[in-house]
Amino acid sequence: MRRAAVPPRFGNRPISGILAIILFLLVSAWCFDGSGFSITQLLGSSEYLLRFLREAFPPIDEHRLTFDQFHRYWLALIETFQMAFVGTLLGLVIGFILALFASRGLMFESRRSNLLQWSVKMLISLFRTVPDLVWAIIFVMVVGLGAFAGTLTIMVDTIGFCGRFFAEEMEDVDRSSAEALSASGARRFDIVFAAVVPAATPGLITTSLFAFEKAIRSSVVLGLVGAGGIGLELQSLMNWMAYDRAMVIIGMIFALVLVVEQLSTYLRKLVMKNER
Amino acid sequence: MVAIVTAEDIAMRYGTMSILKGVSFALEAGESLSLIGSNGAGKSTLIRCLLSLEPITAGRISLFGREIQNLKPSELRSSRCRVGVVFQEHNLVPRLSVLSNVVHGALGRNTQTFGSMISGITLWSHIIAGSAHRERAMECLERVNLADLAHRRADTLSGGQSQRVAIARALMQEPDLIIADEPAASLDPIAGEEVMGLFSELCREAGVSLIFSTHNISHAVDFADRMMAMKSGKISIDCPTGSVDLQALKAEYA
Ligand SMILES: Nc1ncnc2c1ncn2[C@@H]1O[C@H](COP(=O)(O)OP(=O)(O)OP(=O)(O)O)[C@@H](O)[C@H]1O
Ligand SMILES: [Mg+2]
C-alpha cells in the first residue's frame, strides 16, 4: 500500500496565476498610456517617410556621390570596426579580471571577501548601467573628439557586459573538480585557471562574441556624439538632408553589422560543436 | 607508530540533519583501513570532513599530527597536498585532456614560495607543463593502464576510465596517505582488483597509508589491515580484517 499522498496537480497556483495576468494587463495599459504609442500618428506621418525614401533612392548616382566621398565613408566604416575591435578586446581583458573578483567564492573564501567582491560588482554595474551614449559624451569631453573617445566608450561598455556575464558563467561551473584540486592542496589562483576557467571556456567565448556584436552596433551610434567612426558622417548628412548619401551609409552599416553577426554566429557554432 | 589521522568524537550536521554522530578512530602510518556501510551511512561525509571540505560541529581531527580546524590556509594546503583523494564522482576537469588532469595532481606541492607560484602556473595544462611533470604524469597513467588515453578529453571517458584518471591524479601527488571513496565502484571486476592491488602495493612498498570505502566486502577484507563499518553516522565495527566474521558481516552489509 502506498502511504504518501500524491500532491495536487496545481496546488493553489491558479489564483496567483490569474492575479499575475491581471497585474500584467494593468501595467501594460498604464505603460501604453504613457508611451505615446499611436497607430494613427504613425500612419499620418507616412508622407515624411515617403519623402525620405524618394530622395534616398537611387542612393548611388554618379553626379552626386563622388569616389572621394565614398572613400571617406569607407575609411570611417573601417575606423568604426577598429574602434569596436580594440574597445572590445581591452574590455574583455579588464572585464575578465574584474569578473574573477566579482564571482562568489572564486578567488577568495566566500565568507571572507564580501566587501571586495561587492565593490567590484558595484563597479561593473556602474559601467553597465550608465548608457554608452553618456559614456561617449563624457569621454569626448575628456579626450576630445575622435576615435579614441569611442574606443574608451566601447571598452567601458564591454567591461560592464562581460564583467557581469563572465562572473555568472564562472559561478555556474560545476565546482566538483575545483573542490578536488582544493582537496589536493592547490592554491585558489591555480584552481581558478586549472579547473574553473577551462570548464567555463565555451561560455566565455560565446559572451565575448556577443560583446563584439554589441560593440559593432553601438560604435555606429557613437559617432552621433562625436566619438569617431561612421556615425559622424551619417549625422552630418542627415542634418544636410542629403538622404541619398545617408542611404549609402546606412547600407554600409547594414552590411558591416550583418557580416560581423554572421561571422560571430559561425564562430559560436564552431565552439559549440565541440561540446556535447 | 605515529598516528597519521586521528578523529576524536567528531559530529557533523547538514542543516538540522545529524550525519556523523561521534566518530572516533586513529590510523597509523602504513596502515590500510577499509570503510563499509550502506548507502547514506556517512562514509563520503566522513571522508570530506577528514579533509576539512565540510566543517565539523564537534570533536577534533588531526592530519599528520596537526589539528586541521585551526590551520591557516597555507598550512591547510600543505597538509592536504600529502593526501591523495579519489572522490566517488571522480571530479575531473571536463574540457581538459586526461594528461592535464593528471598533471593537476602536482599543483598542491610546494605552494609556499614565490618561485613555486610561477611553477604552479605551468601546471594548469600539460601543454605548458615542464617535461619532468609530463613524464611523471605519464608514469602515473601507466600505473592505472591508461597511457593510451593521455590525450583524450576527460569528458569523453567512461565511468571506469575517469575513475582511473582520478586515481592517477592522486598518485601524481606522491601522497603519504590515499583516501579513496569507492575507488572500485565503477570499475569492472578485473580493473577493480587491479586498482585495489595497486593501492595495497603502495602501502606495502612505499609505506603509504590508505583509507578506502567500498560496498564490496571481499575488497574490504582482502585489501586492508583493518576495517570499520558505519551505520547511520556511527562506527559499529572496528576490527583487524584478520579476525572478522565474514558470514555475519555479509549478512548485515551485503
Ligand atoms: N550536501 C548535502 N546536503 C544534505 N544532506 C547531505 C548532503 N550530502 C549528503 N547528505 C546526506 O548525508 C548522509 C550521508 O551521506 P554520504 O554521502 O556520506 O553517504 P555514503 O555512506 O557515502 O553513501 P553511499 O554509499 O551512497 O556513497 C545521507 O543521508 C545524505 O542524504
Ligand atoms: Mg558515498
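Residues numbered from 1 in each chain as written. Chains lettered and ligands numbered in written order. Predicted model: local features only at pLDDT ≥ 70, side-chain atom pairs only at ≥ 80, totals over all residues.

Draft legend 1. Geometry of unusual backbone geometry. The backbone of D9 of chain B shows a phi angle near 55°, a positive value even though the residue is not glycine. Note that D9 of chain B resides in strand β1 (residues 3-14). (Helix = DSSP H or I, 4+ residues; strand = E, 2+ residues; numbered from the N terminus.)

Draft legend 2. Molecular detail of the nonpolar core. V196 of chain A together with V102 and A168 of chain B are the most contacted members of the largest nonpolar core, which has 136 residues in total. With 15 residues, helix α9 (residues 188-222) of chain A is the largest single contributor of residues to this core. The residues touching A168 of chain B, leaving out its near neighbours within four places in the chain, are V102, C140, L141, R143, V144 and L146 of chain B. (Core = buried A, V, L, I, M, F, W, Y, C linked by C-beta atoms within 7 Å. Buried ≥ 20, exposed ≤ 12 C-beta atoms within 10 Å, placed from the backbone. Contact = placed C-beta atoms within 7 Å.)

Draft legend 3. Just the site of ligand 1, in detail. Residue and element names in this part refer to chain B. With respect to spatial proximity, the complete set of residues near ligand 1 consists of Y14, I19, G37, N39, G40, A41, G42, K43, S44, T45 and Q88. The greatest single-element share of the shell around ligand 1, amounting to three residues, is contributed by helix α1 (residues 43-50). Class assignment for the residues of the shell around ligand 1 results in three nonpolar, seven polar and one charged. (Near = placed C-beta within 6 Å. Nonpolar A, V, L, I, M, F, W, Y, C, P; charged D, E, K, R; others polar.)

Draft legend 4. Here's a closer look at the sheet that holds strand β4 (residues 58-63) of chain B. Residues and elements named next belong to chain B. Read across the open sheet, the four strands follow the order β2-β1-β4-β5; overall the sheet is antiparallel. The open sheet is flanked by β2 (17-28) and β5 (66-67), the only strands paired with a single partner. Across nine bridges, the pairing between β1 and β2 is antiparallel. Bridging from a neighbouring strand, M12 pairs with L20 of β2. (Pairing = 2+ DSSP bridges.)

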